[in-house]
Amino acid sequence: MSAEAESEERIKAQEKYREMSIAEFFAKNKELAGFSNPTRAIYQTVRELVENSLDATDSHNVLPEVKISIKEVEAATDDKPAKYEVAVEDNGIGVPPNEIANAFGKVLYSSKYVIRQTRGMYGLGVKAAILYSQMTTGQPVFIVSSTDSSDNIYYKKLLIDIKKNEPVIIEEGQLLKRSNWHGTKVYLTLEGDWVRAKQKIIEYIKRTALIAPYAEIIFETPENEIYYFPRVTKKMPKPPSEAKPHPHGIDIEQLKAMVSFTKTKTMLEFMVEEFQSIGEITARKFLESIGIDPNMNPKMLIEKGNSKLLQVVATGLRTYKNFRPPRSDYLSPIGEELIEVGLKRLFNAEWVKAITRQARAYEGHPFIVEAGIAYGGNIIPTEEPVLLRYANKIPLLYEEREDVSYKVVSSINWKLYNIEEPMPLVVLVHVASTKVPYKGVGKESLSEVQELESEIKNAVQEIARSLRLYISKKNSERTLREKIVTISKYIPEIARSLSILSIPPDKWGTDGKNNNEKIIEKLVKIVSKSIELPKIDGKEEDPEKIVRSVIANVKLEQ
Amino acid sequence: MSHIDKIDIAARKKVAEIFHKKFSELSESIEKGSPPKLEIPMRTLANTVFDPSKGILKLGIRKIERNFLNMNETKKFMQTLLMASIIYQALVENEYPTIRDLYYRGKHTILFKDLNGKIKEENTWEEQSESDASIRDVEVMTGLLREDMLILSKEKGKVVGNMRIRSGNDIIDLSKLGHGAYAIESTPDLIEFLDYDAELVLVVEKDAVFQQLHRAGFWQKYKALLVTGAGQPDRATRRFVRRLHDELKLPVYILTDSDPYGWYIYSVFKVGSIQLSYESERLATPKAKFLGVSMSDIFGYGTKKAYLNDEERRNFIIKAKDVDIKRAKELMKYSWFHSKLWKREIDMFMDKKAKLEIEAMASKGLKFLAFQYIPEKIQTQDWIE
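Residues numbered from 1 in each chain as written. Chains lettered and ligands numbered in written order. Predicted model: local features only at pLDDT ≥ 70, side-chain atom pairs only at ≥ 80, totals over all residues. Heavy atoms only, no water.

Visitor: Which residues make up the overall build of chain B, and what values go with them?
Guide: Broken down by element type, chain B carries 15 helices and 17 strands. With the principal axes as the frame, chain B shows a C-alpha extent of 75 × 50 × 40 Å. Considering chain B as a whole, with its 385 residues, one finds that 55% of them fall into the buried category. Carbon and sulfur atoms make up 50% of the accessible area of chain B, which totals about 17300 Å². Between the centroid of the 63 positive side chains of chain B and the centroid of its 57 negative side chains there is a distance of 3 Å. (Helix = DSSP H or I, 4+ residues; strand = E, 2+ residues; numbered from the N terminus. Buried < 20%, exposed > 50% of the residue type's maximum accessible area, 1.4 Å probe, protein only. Areas by Shrake-Rupley, 256 points an atom, 1.4 Å probe, with all protein chains shown as cover. Lys, Arg positive; Asp, Glu negative; His and termini not counted. Charge placed at Lys NZ, Arg CZ, Asp CG, Glu CD.)

Structural data, given as structure tokens:
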């Protein structure tokens, strides 16, 4: 789908928002949520459930344990794809029993208008998965959940009434909790194409494990293959926190929503209470600059006939120069250490380094770029680096060549960094933002936002410079090691020759002492002393060890 | 061990002592922890100088250091020591290796593991050219020639004449070898000159001409010691000629083809070769005289009448080739070819672009060559120095 067609779709979607239930809309426009065919559907279902599970754990300071299983429940026929049960269990905070039905059965269930960096936005995705399951198999979703403080485990089977956008409970109940388990387990049955989706799903889980090395992830495939990613660290990234929106990032629809939700009585209060980083002085100056009375009731903006006024405020919010830049402290980057641990684990890489850049903003939306590079080890050398893209901790697997990161990474001349083709190189790029600039509704690639592009470029180049230093040190170390071998391999031969020459002619054939060993020892010391190996990552090897090991392996054949 | 002669044993002992002393210096410096190095006089044209007072080519004073710790020199360092040790071993064990033997004795495989843990094989040397280079290194380092080290090479030179020598335990009369001749041994310094009845030494470039002069009885008639190097002379022949000149005080005349190649052979006898300049001090015979065939012998000069008439010239003269011209131009650069007579000789050659083989003189009749041309040239002092 072209970008233009996509944006047209979006406008249509917004129009329809008013006319029909959002559930009905999603049911009719599956591809918009990533459910365009049986392959994408099963991939998207796994993805939505796993992301929900991680949001329920690491965002709440719980070390995640996520179990994913896919089972075939009905084989494919000539005209119908196979049916699979996808089950995902986490040890997260759980859903309170009275919220389960709405959380899973009502699309766009949301209590409060705030912004927050989450994996799935507003939890739309999992409902789309439930709708897809319901439409292809008619099966209800089965949810089992318990919060930490609860004495019970609650379960519900429910369907979504598409017309009314209401959950319909088929079966529910509770069990007394005998352990201290808490978390959520969701079972979904859907039509899917596992065979085609398999590689992508495995790749998705691998990449998820990469940036969440603090999570334990188990995946069981329909063929009963187990993919197990043990926890390798207990360190977790700081959970994202909620924040009020920044005025630069507000569009007219959001402004309308905010005005309708607000409890404030004047425009001055509205500005100070509902936006971040605006004090009374700034608010007054701003309102004065757009000619709005500070005492005006904000609800006036959504009254009939005032659309011009609304337009003035919306434009003013986006363009006024004297707001403080957006806050970024509520963003949750993965962090350099975790990226390095993850890369090292997945590729058994020889060298890894990651960087978390300072927060920046585009159009009022703060973002943080993180990048990591892994070099050598088990990485299979290829003509261009393997690119791993993430947005808000979600791996992006499709539309790689559309992505701004691909543009940056493929334009780098790696030879300048002492990296020869084919290169055993992995480049990871993570963008954390309250509003990730996705290219399309499929949310698989990021747009070429200029601020983002230059941040990604700076991040990747900064690490590449470290890598260049490492490689050149390593090369010079290798040259020195080769020198040690080149020289040391002759030590036994030289010692033998010299020991023969050091027997005086008149002592020849008598028990003249053979000083072969003594000469070897001396030569070992002389060679070792002449070579200093560079420190690599703070470690330095003793040349004498190498000299001795070379000599130990030398054999002279006559 | 009675078959080993006394001269040999004395020579061996002396040389072995030099070896032992020279290389013990290296062992001692290693003992002190100094980076091992060998000092070797440079064996290149740049370090070859002509000594006008002695009239020979010599090695200059420039030395190279061969450092064990220098990656580019470490293998040659090993090869030099390996060669020294096998020569030393042969010396003290009374052996006579040839340079080919030394190549085989030193050639073996060093097995080692590379950085990736792969087992690699490397031979101490591959080609004999490598072991030969090591022999030359050992020679210049110790100041000894391979003949001193009792290393044998193929015998090439021959001699006949009224003279008795001792070689090993045998006394040989150089006048009683029939149509054959005494092959000059690889270790000419171990030859003892007993007695002789000769007034000059005649060295001829070509073996065939040597045989003709021998059969014609040239050396009996003119009390000559007749020598040939059979083309480019080997070291033993040059050393032997030098000893005849030094020890018996006999004049040395050289007879070669009339072309730049013949002149170069004369030059090798007289001043030494560039490749082997380090041995010139003991091999060169600076007072050797170029007897002919000279350009003026062919064409005449001033009052001197040519030995060939017009018809003979037409029949015998060969047109000089480009390589001959090139070689002549090279020789013109060497200072010992700058004398008045040599300039005249080379100028005539460049002018006529003609050369002549010595066989041409013989085809005028052997008697002409043996009993007219050579004696007349010597008598009239018609030579070039």
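From this point on, the discussion continues.
Visitor: Can you break down the overall build of chain A residue by residue, with the values?
Guide: For chain A, the helix and strand inventory stands at 16 helices and 15 strands. The globule rule puts the C-alpha radius of gyration for 558 residues at 24 Å, and the 31 Å found for chain A is more than 25% above it. In terms of its C-alpha atoms, chain A occupies a principal-axis envelope of roughly 120 × 65 × 45 Å. Put simply, of all contacts in chain A between residues at least 6 apart along the chain, 72% involve residues at least 24 apart. If you sum the accessible surface of chain A, you get close to 26200 Å²; carbon and sulfur atoms cover 48% of it. Of the charged side chains in chain A, 80 are positive and 79 negative; the average position of the first set lies 3 Å away from that of the second. (Rg over C-alpha atoms; globule rule 2.2 N^0.38 Å. Contact = heavy atoms within 4.5 Å.)

Visitor: Got a sec to walk through the pattern of salt bridges? Specific residues and values, please.
Guide: The final tally for this structure, using the stated rule, is 59 salt bridges over all chains. Note that E51 of chain A is salt-bridged to R47 of chain A, the shortest N-O span being 3.3 Å. Of this pair, E51 of chain A and R47 of chain A both sit in helix α3 (residues 38-57), four residues apart, which is roughly one turn of the helix. E51 of chain A gets classed as buried once you look at its relative accessible area, which sits at 3%. Here D382 of chain B makes a salt bridge to K304 of chain B, at a shortest N to O gap of 2.6 Å. (Salt bridge = Lys/Arg side-chain N within 4 Å of Asp/Glu carboxyl O.)

Visitor: Describe the pairing of strand β3 (residues 56-59) of chain B, listing the residues and the values that go with them.
Guide: Along any regular strand, the residues point their side chains to alternate faces of the sheet. Residues and elements named next belong to chain B. Bridge count for strand β2 (residues 48-51) against β3 is four bridges, and the pairing is antiparallel. Along β3, the bridge assignment pairs T48 with L59. Counted along the chain from β2 to the antiparallel partner β3, the turn is four residues long, and its residue G55 has a positive phi close to 70 degrees. (Pairing = 2+ DSSP bridges.)

Visitor: Could you give me a rundown of the interface of chain B and chain A, with the residues and numbers involved?
Guide: Each partner contributes to the interface: chain B provides 39 residues, whereas chain A provides 34 residues. In this assembly, chain B packs against chain A so that about 3600 Å² is buried in total across both faces, 71% of it on carbon and sulfur atoms. Counting the contacts that link chain B with chain A gives two salt bridges. Across the pair K489 of chain A and E122 of chain B runs a salt bridge whose closest N-O atoms are separated by 2.9 Å. Linking chain B to chain A there are nine residue pairs in polar contact (both at pLDDT 80 or more). Those elements giving two or more residues to the side of chain B that touches chain A turn out to be α1 (6-31), α2 (74-92) and β5 (109-113) of chain B. Top element by residues in the side of chain B that touches chain A is α2 of chain B. It accounts for 11 residues. (Buried area = accessible area lost by both parts, 1.4 Å probe. Polar contact = N/O pair within 3.5 Å; in protein donor to acceptor, adjacent residues only side chain to side chain.)

Visitor: Requested: an account of unusual backbone geometry, with residues and values cited.
Guide: For the peptide bond that leads from E421 of chain A to P422 of chain A, omega is -10 degrees, which places it in the cis range. Here P422 of chain A lies in the loop between α12 (404-410) and β14 (425-433). Of note, K249 of chain B is a non-glycine position whose phi angle comes to about 55 degrees, a positive value. In this fold, K249 of chain B is placed in the loop between α7 (235-248) and β14 (252-255). Note on K249 of chain B: relative accessible area 67%, which makes it exposed. The phi angle at Q381 of chain B is positive, at roughly 55 degrees, despite the residue not being glycine. Among the structural elements, Q381 of chain B can be located in the segment after α15 (366-379).

Visitor: Help me get a handle on the confidence of the model for chain A, residues and values and all.
Guide: Interpretation of this model should avoid reading the predicted coordinates in detail wherever pLDDT is low. All names here are of chain A. Mean pLDDT over chain A: 87, with 91% of residues reaching 70 or higher. Low pLDDT (under 50) marks residues 1-5, which in the prediction has two contacts with non-local residues, meaning those over four places away or in another chain. Across residues 11-19, confidence stays below pLDDT 50; counting only partners more than four residues off in sequence or on other chains, it has five contacts. (pLDDT = per-residue confidence, 0-100.)

Visitor: Now, about the side chain of T45 of chain A: what can you tell me, with residues and values included?
Guide: Mapped onto the secondary structure, T45 of chain A falls in helix α3. The exposure class assigned to T45 of chain A is buried, which follows from its relative accessible area of 0%.

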